[in-house]
Amino acid sequence: MYRFLLTRQWVILTLVALLLIPTMIWLGFWQLHRHDHRQKLNQVINASLAAKPVPVESLTSVGGSVAHDDIYRRVTAKGRFDPAHELVVRRRTNSDDQVGYHVLTPFVLDDGRTLLVNRGWIPSPASQTSFPKIPAPAQGAVTVTGRLMQDETTAASGIKNVAGLPDRQIMLINSEQVGTLLRDSGDTSAKAVLGGYVELVSPAPGGGSPQLVPSPKEDSSWIGIGDINLPYAVQWWLFAACVPVGWLVLARRELRERAEAREKETETETEPATV
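What comes next concerns the included structure. Think of each chain on its own: its residues are numbered from 1, step by step along the sequence as written. Where totals are concerned, whole chains, interfaces and linings use all residues; where local detail is concerned, this predicted model gives features only for residues with pLDDT of at least 70, and gives and counts side-chain atom pairs only at 80 or more. The side-chain quantities take in all heavy atoms of the structure and omit both hydrogens and water.

**A short note on a negative patch on the surface**
At step 1: Residues enter a patch when their relative accessible area is above 30% and they make no salt bridge; the linking distance is 9 Å between like charges and 5 Å between nonpolar side chains (Val, Leu, Ile, Met, Phe, Trp, Tyr). Areas reported here follow the Shrake-Rupley algorithm with a probe of radius 1.4 Å; residue values treat only the protein chains shown as occluding. A pair is scored as a salt bridge if a Lys or Arg side-chain nitrogen falls within 4 Å of a carboxyl oxygen belonging to Asp or Glu. Asp and Glu count as negative and Lys and Arg as positive, but His and the ends of the chain are not part of the count. Just so you know, the charge point we use is NZ for Lys, CZ for Arg, CG for Asp and CD for Glu. Together, E257, E260, E263 and E267 line one region of the surface with negative charge.
At step 2: As for its placement among the helices and strands, E257 is situated in helix 4 (residues 229-270).
At step 3: Since its relative accessible area comes to 43%, E257 is described here as partly exposed. What counts as a helix is a DSSP run of H or I of at least four residues, what counts as a strand is a run of E of at least two, and both are numbered from the N terminus. Any residue under 20% of the maximum accessible area for its type is buried, any over 50% is exposed, and the rest in between are partly exposed; the area is computed with a 1.4 Å probe on protein chains only.

**What to know about helix 3 (residues 175-184)**
At step 1: Along helix 3, the residues that are buried comprise S175, V178, G179 and L182. On an axial view of helix 3, the arc spanned by its buried residues comes to 105°, and they lie on one face. Opposite its buried face, helix 3 presents the exposed residues E176 and D184, each directed more than 90 degrees away.
At step 2: Polar contacts, as used here, are pairs of N or O atoms within 3.5 Å; protein pairs need one atom able to donate a hydrogen and one able to accept it. Residues neighboring in sequence count only if both atoms are side-chain atoms. With a side-chain oxygen lying 3.2 Å from the backbone nitrogen of E176, the N-terminal cap of helix 3 falls on N174.
At step 3: Positive phi shows up at G186, right after helix 3, with a value of about 100°. By definition, the arc is the one covered by directions from the helix axis to the C-beta atoms.

**Quick word on the pattern of salt bridges**
At step 1: Under the criterion given, the structure shown has five salt bridges.
At step 2: Between R119 and E86 there is a salt bridge, with the nearest N and O atoms lying 2.7 Å from each other. Remark: E86 occurs in the loop between strand 2 (74-81) and strand 3 (87-93) and R119 occurs in strand 5 (residues 114-123); sequence separation between them is 33 residues. For the pair shown, R119 and E86 are each scored as buried.
At step 3: Close ionic contact of R147 with E199 constitutes a salt bridge, the shortest N to O distance being 3.2 Å. Taken together, the residues R147 in strand 6 (residues 142-149) and E199 in strand 8 (residues 197-202) connect sequence positions 52 residues apart. As far as burial versus exposure is concerned, R147 and E199 are alike and both buried.

**Details of the nonpolar core**
At step 1: Definition used in this section: a nonpolar core is a set of buried Ala, Val, Leu, Ile, Met, Phe, Trp, Tyr and Cys residues joined via side-chain atoms within 4.5 Å. Residues V56, L104, F107 and L115 are the most contacted members of the largest nonpolar core, which totals 34 residues.
At step 2: A total of four residues in this core trace back to one element, the largest contributor, which is strand 6.
At step 3: In this structure, V88, Y101, V103 and I122 belong to the second largest nonpolar core, which totals five residues.

**Some remarks on unusual backbone geometry**
One can expect most non-glycine residues to show negative phi and most peptide bonds to be in trans.
At step 1: Note the cis peptide between S202 and P203, where omega equals 5°.
At step 2: In this fold, P203 is placed in the loop between strand 8 and helix 4.
At step 3: Cis geometry is found at the peptide bond from S209 to P210, where omega equals 0°.
At step 4: Within the secondary structure, P210 sits in the loop between strand 8 and helix 4.
At step 5: Of note in the backbone geometry, Y72 takes a positive phi value of approximately 70° without being a glycine.

Following this line, the structure appears as structure tokens:
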């Protein structure tokens, strides 16, 4: 009765189904892993945003790296901005998804070390090769507050570190790479650059430009604001469950159609011949 399952068509269909089931189950667990990672990151961000600001020197060092548990931690620093050696970071968007630049300004601490400060977003100029006009930062001695961030990498951000860019333009905010670039350009104060960088929170820019990088929203929900990974995990597992059900439905329909065809053949053979 089920000999049709041994036909070439059904053997291929069965093998495809057997491959799809474990693949979809694996994809579901992969999405679940991404959901768990996002939840843990939300916990770190929420804890960092709720904590009181601390001196930046207590969480990073020259040539060091920012710990995962310290990202988005509010930090303070005392010193002065060095706009003469300012850089811009290409292909960055603002809260309205407009493409422009982030302004990266060296901030020389009172002890002579340099902290990289992302002062915010500006729109792209008409010419992509010329350095844009940037509103000046606060002058003289100042205390800044910002969110501590890890150095950007291509692996983590997905942004390709393109070479041969116009003068004072970069793709990634990486303290080691930026430090080398600043020293090569003659910035003598960039001999000791702290690891990571800071997204400026205060003082706010005059006239609202550059636009400060918005703070991430605190997320205490069980699924995560905007989290699509858990629904995707459930979706893949439902697909995996539907595969054997679909295979069984197709097999039963094939069996029924073959039975109806045999029945018609039998009726045709038993009909009396017309005189």
